[in-house]
Amino acid sequence: QVQLVESGGGLVQAGGSLRLSCAASGRSFRSYAMGWFRQAPGKEREFVGAIRSSGVTTYADSVKGRFIISRDNAKNLVYLQMNGLNLEDTAVYYCATPAGPGFSPNYWGQGTQVTVSS
């Protein structure tokens, strides 16, 4: 049973930074891609970024240059470093991972709230 648990959300002022963590368990962590999604109030869930098992990352245009995804395979952790936060980044952030190769998420965490204030 794959389990994902996010942490690190909270309230931050615009322009500030926050780092989210996602702890994975239930299978070989290093073999799978990991991703971050977010859902703002009244909006659909959207892709934020992902990191492949190789360490290659990809980001949505809206966060490119501000957010950084990394992973620690020894600790089964994936991180989302968020810099230069703005009001539009307010959302519930979810960690996700696929059941197999590629990246079509099958497993999701419970989410962590990030609120950016002016």
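Residues numbered from 1 in each chain as written. Predicted model: local features only at pLDDT ≥ 70, side-chain atom pairs only at ≥ 80, totals over all residues. Heavy atoms only, no water.

1. Description of the side chain of Thr-97
Consideration 1: For Thr-97, the position within the fold is in strand S9 (residues 91–98).
Consideration 2: Within the local environment of Thr-97, its side chain forms a polar contact with the side chain of Arg-27, the two groups lying 2.6 Å apart.
Consideration 3: Among residues more than four places away in sequence, those in contact with Thr-97 are Val-2, Leu-4, Arg-27, Tyr-32, Ala-33, Met-34, Phe-103, Pro-105, Asn-106 and Tyr-107. (Helix = DSSP H or I, 4+ residues; strand = E, 2+ residues; numbered from the N terminus. Polar contact = N/O pair within 3.5 Å; in protein donor to acceptor, adjacent residues only side chain to side chain. Contact = heavy atoms within 4.5 Å.)

2. Quick notes on the sheet that holds strand S7 (residues 67–72)
Sheet strands line up and pair through hydrogen bonds in the backbone, either parallel or antiparallel.
Consideration 1: The strand order S1-S3-S8-S7 describes an open sheet built from four strands, whose pairing is antiparallel. What marks the edges here is a single partner per strand, and that holds for strand S1 (3–7) and S7. Ignoring which end each strand starts from, the neighbouring axes of this sheet average 15° apart.
Consideration 2: For strand S3 (residues 18–25) and strand S8 (residues 77–82), the ladder comprises six bridges, and the chain directions are antiparallel. What sits directly across from Leu-18, in S8, is Met-82. (Pairing = 2+ DSSP bridges. Axes fitted to C-alpha atoms, helices over the stretch in contact; angles between N-to-C directions.)

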